[in-house]
Amino acid sequence: MKIRILIDGIPCDTDTRPAIALDYDASALAVPDSGRTGRSLRLELPATPENRALLGWPSDLHAAAPFNLAPHRGAVYADDALLLEGPVSLRATALGAPGDRYRMEIREGGAAWAETAARTMFNAFPIGYRAYLTPTTVWQSWTDDKPVKFFPVKRDAYPVTNSSVGLQPALRILSPDDYHPFLSVAALVGSLFAAEGYTLKSRFAESAFFRSLYMSGAYPSKDTAGMRRHMDFLARRRTEATAEADAQGRVYASPHMSAHSVGNLVETAHAGDPDPEGNPMTELFNHGNCFRIEQGQILFRPPVEVSVGFRYRLRYVTDYRIRSRQWLEGFDSVYLGDGIDAPGRLLNRFADRRDALQSGRQYRAVVFDHIDGTQYRATCSAGGTPGLPIAAFSTRSALVTTPAQEGIRDPVLQYRRGAMTQYADYPGDWALYDGYIGETGRTEVETTLRTPPVRVTPTSPKTFSTIYFYGAGEGMGLSLDASCSLQPCFSGAPGLGSPLQFADVAQHRIRQSVLLEALCHLFNLRIHTEQRTRTVRMEPEEEFYDRTKTFDWTEHIDPAGSVEITDLACGVHQTRTLGYLDDDGVVTRGNDTLASPLGEWSAENESYATIPGEEELRSPLFSPTLSRSGDLAEAPSALVMQVSDRDREELPEACEFSPRIVRYCGMHPLPEGERWGYPSGEARYPLAAFHFAGDAATEGFTLCFEDRDGQRGLHRYYDAQFGRERLRQRITLWLRLAPHEIEQLFLCDGPTPDIRSVFLFRIGGERVRCILSKIHGYDPAAAAVRCSFDRLAED
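Residues numbered from 1 in each chain as written. Predicted model: local features only at pLDDT ≥ 70, side-chain atom pairs only at ≥ 80, totals over all residues. Heavy atoms only, no water.

### Notes on the overall build of the chain
So, step 1. Looking only at helices and strands, one finds 12 helices and 56 strands in the chain.
So, step 2. What you see for the chain is a C-alpha radius of gyration of 36 Å, clearly larger than the 28 Å of a compact globule of 795 residues, by over 25%.
So, step 3. When the backbone C-alpha atoms are referred to their principal axes, the chain occupies close to 110 × 75 × 55 Å.
So, step 4. Across the 795 residues that make up the chain, the buried fraction comes to 53%.
So, step 5. Pairs at least 24 residues apart make up 75% of the contacts formed inside the chain by residues separated by at least 6 positions.
So, step 6. Working note: accessible area of the chain is about 34400 Å², and carbon and sulfur atoms make up 49% of it.
So, step 7. Between the centroid of the 85 positive side chains of the chain and the centroid of its 104 negative side chains there is a distance of 2 Å. (Helix = DSSP H or I, 4+ residues; strand = E, 2+ residues; numbered from the N terminus. Rg over C-alpha atoms; globule rule 2.2 N^0.38 Å. Buried < 20%, exposed > 50% of the residue type's maximum accessible area, 1.4 Å probe, protein only. Contact = heavy atoms within 4.5 Å. Areas by Shrake-Rupley, 256 points an atom, 1.4 Å probe, with all protein chains shown as cover. Lys, Arg positive; Asp, Glu negative; His and termini not counted. Charge placed at Lys NZ, Arg CZ, Asp CG, Glu CD.)

Given below as structure tokens:
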């Protein structure tokens, strides 16, 4: 066998039997950062004059240009087989008898993607995304193909109970502040490899399961503790205020308007001021006296220039008029000044009873597209007889009573207008509501709005005198509740209407490689880079090995070499626990009601050869997430993710919480009578969850490691490996392999054996099936390679 070693294309002098150490360890495939170095080959060169000159006279400590200060490439050939090619470095110079020698290392597979991922911050993923933070953007993200979606979240808070108008609880108009950006994991991973010119070949990455994974994004944040100490405030109203809409349907929150105004939106930030019941409002504060009332108007005047947004928590009672089966007319929108418009809509939560009529009951008919002068006639079927009249009216709304007969069904509205002499079926939309419901009435509304940061200075304070509510008809009333509050936000996060790029929603302070580490932990992934073809393979450990490529290598065993058999259990702990990072407050309280901690699974190894004690294998990035129904009065069945911790001493900004991973199941139907609020108004909602038990519409799943609610946990990706480590052995032996066979081990597309193949051996008269675990050394003169193989469970 002829060994050729080239450095920068120049052949090196070699011994008749050069020492070569070929390096491969399958466990490194589970560590994305190992892709930066790939596999290595170590060798020694004699200190001949030619080698001295090629290596820059390394024996001379005063050499002008040390070898390692410039990039060099090396290649090692055995006969015509290329064993390894890549960057080469001089590791050491050994001086003395029988002669000086140069210890070299050549690395192959040092992937550019791995280097980029380890050096580049998360927000620099090469993903093109542009949008504006509006309710429409939120709504459209649920069904578009963009890599960013906005899912509803509920920040952990102590429940607040307030009285409401009528029989229904307050209607919550959802704003972008009630949602959080989530990023497509498939898009992130794909862009990482593609940006460096690599092709990702992965059945797992192409699966519907993987493409449904989303991780929480993050808005820009900074240390706001100092600003909070010196400039923060929480302001509220002292009393309720009422006003009627002007001709434009507006009510103003301004002290400068003499009519159609409720005055300043909030009135005080002084903790001693009384609430409407006369009790001191102890939750209020005004650090640095930055919240002020000057010349009758409220303003924020900081001691220094600052970039700040504001969070408005609004609660009010509005007159309404039923506009359609979907929406009400009333005060549904608010203008916050400085060009910040917050449009909304009031959901019509009254149930249309046309498909569930009862005999002898009174109902209210509402004709949504009524035209003055039109006469209507309503009929129904009773006892199998159709066309039974139940009402005649000529107004937009009227009370109707069904006959006291059985089998009331199929209501029909007919109309007659103008020159029409006969009644015809009404072509427009109409509804029948319970009789106690009026066409007009009053309903309570609440919403939370966060504005984009603006520059505010001591001489140019932020004022709040151009705010107004709108959307109502002239003369409709609005009563502003005393619980309305105003507070500054110093984090720099985007607010309502802010332009967004990918970096604005991906401000995790981590490197891109941390995401890959977290995915490897979740799904027990193996990532292999074939540098020559710039191909990356990524599969769970059990699927990484190709059972269709099985080769009997018994004849390759070197009979002169030793065989060593050790239990795989020798290298693992007695107990291993798979889990996530520390829980937040919601999960901590939820765990008190669960039989085992959410997301956590432990495996025992019964072998007495294990390392005593427990090893915890926790996610380097993600925390578990509980979802809960009942948070939205309009859609009480909807599961909404619960995040944050209400009991933290130093609360973060409301848009901040620890990273999460969830599955997005698409638009999930709501039960009859429930609808998602503004902006969709649909009878479905975006279902994204960490764990979902399943229902008639959507199959259940879990991202817990443990089995829960009949859903198999992520431990399934570890079961085969842990089973081998419990029962099987590692076999280390010498194999006689030709150079081209070693070369082909690292080329995974061909029909020949490679590192992903299954190998058969007959040892001691028994046949075993194995996967390649390590390559320890190579003797090119004897064409012998020392390797370790792990026995599979199915041999």
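Moving on, there is more to tell.
### Comments concerning the packing of helix H2 (residues 112–119) against helix H8 (residues 512–523)
So, step 1. Between H2 and H8, the shortest axis-to-axis distance is 5 Å and the interhelical angle comes to 110°. When the axis of H2 is compared with that of H8, the two are roughly perpendicular. Across from Trp113, Thr116, Ala117 and Ala118 in H2, the residues of H8 making contact are Gln512, Ser513 and Leu516.
So, step 2. In terms of residue class, the contact of H2 with H8 is made up of 4 nonpolar, 3 polar and no charged. (Axes fitted to C-alpha atoms, helices over the stretch in contact; angles between N-to-C directions. Parallel < 35°, antiparallel > 145°, perpendicular 65-115°, else oblique. Nonpolar A, V, L, I, M, F, W, Y, C, P; charged D, E, K, R; others polar.)

### Digging into unusual backbone geometry
So, step 1. Residue proline 679 follows tyrosine 678 across a cis peptide bond; omega there is 10°.
So, step 2. Within the element layout of this structure, proline 679 appears in the loop between strand E49 (661–669) and strand E50 (684–689).
So, step 3. Positive phi outside glycine occurs at tryptophan 57, with the angle close to 55°.
So, step 4. Looking at the element boundaries, tryptophan 57 is found in the loop between helix H1 (49–54) and strand E6 (73–78).
So, step 5. Of note in this structure, aspartate 709 is not a glycine but carries a positive phi near 55°.

### Examining the sheet that holds strand E41 (residues 535–540)
So, step 1. With respect to topology, 3 strands assemble into an open sheet ordered E13-E41-E40, the strand pairing being mixed. With partners counted over all chains shown, the strands left at the sheet margins are strand E13 (199–201) and strand E40 (525–530), one partner each. Looking at each pair of strands side by side, their axes are set apart by 20° on average, direction ignored.
So, step 2. Of the strand pairs in this sheet, E40 and E41 are connected by 6 bridges, and their pairing is antiparallel. Its bridge partner being in E41, threonine 529 is matched across the sheet by valine 536. (Pairing = 2+ DSSP bridges.)

### A short note on the nonpolar core
So, step 1. Counting residues in each nonpolar core, the largest one holds 88 residues, and the members touching the most others are Trp113, Phe523 and Trp676.
So, step 2. Element by element, the count of residues in this core is highest for H8, at 8 residues.
So, step 3. Counting 57 residues, the second-largest nonpolar core is a separate cluster that includes Phe300, Tyr316, Trp327 and Leu328. (Core = buried A, V, L, I, M, F, W, Y, C linked by side-chain atoms within 4.5 Å.)

### Describing the side chain of glutamate 541
So, step 1. When you line up the elements, glutamate 541 lands in helix H9 (residues 541–544).
So, step 2. In this view, glutamate 541 contacts Asn524, Arg526, Gln721, Arg724 and Ile771; residues no more than four positions away in its chain are not counted.

### Side note on the pattern of salt bridges
So, step 1. Tallied over the full model, the rule gives 50 salt bridges.
So, step 2. For the salt bridge of aspartate 177 with arginine 311, the shortest nitrogen-to-oxygen distance reads 3.3 Å. Here aspartate 177, found in the loop between strand E11 (171–172) and strand E12 (179–184), pairs with arginine 311, found in strand E21 (residues 306–322); they are 134 residues apart in sequence, far enough to count as distant.
So, step 3. Arginine 311 gets classed as buried once you look at its relative accessible area, which sits at 5%.
So, step 4. Glutamate 706 serves as the salt-bridge partner of arginine 708, at 2.7 Å between the closest nitrogen and oxygen. The pair arginine 708 / glutamate 706 is uniform in exposure class, with both members buried.
So, step 5. By sharing partners, the salt bridges in this structure join Arg172, Asp178, Arg315, Glu444 and Glu446 into a single network. (Salt bridge = Lys/Arg side-chain N within 4 Å of Asp/Glu carboxyl O.)

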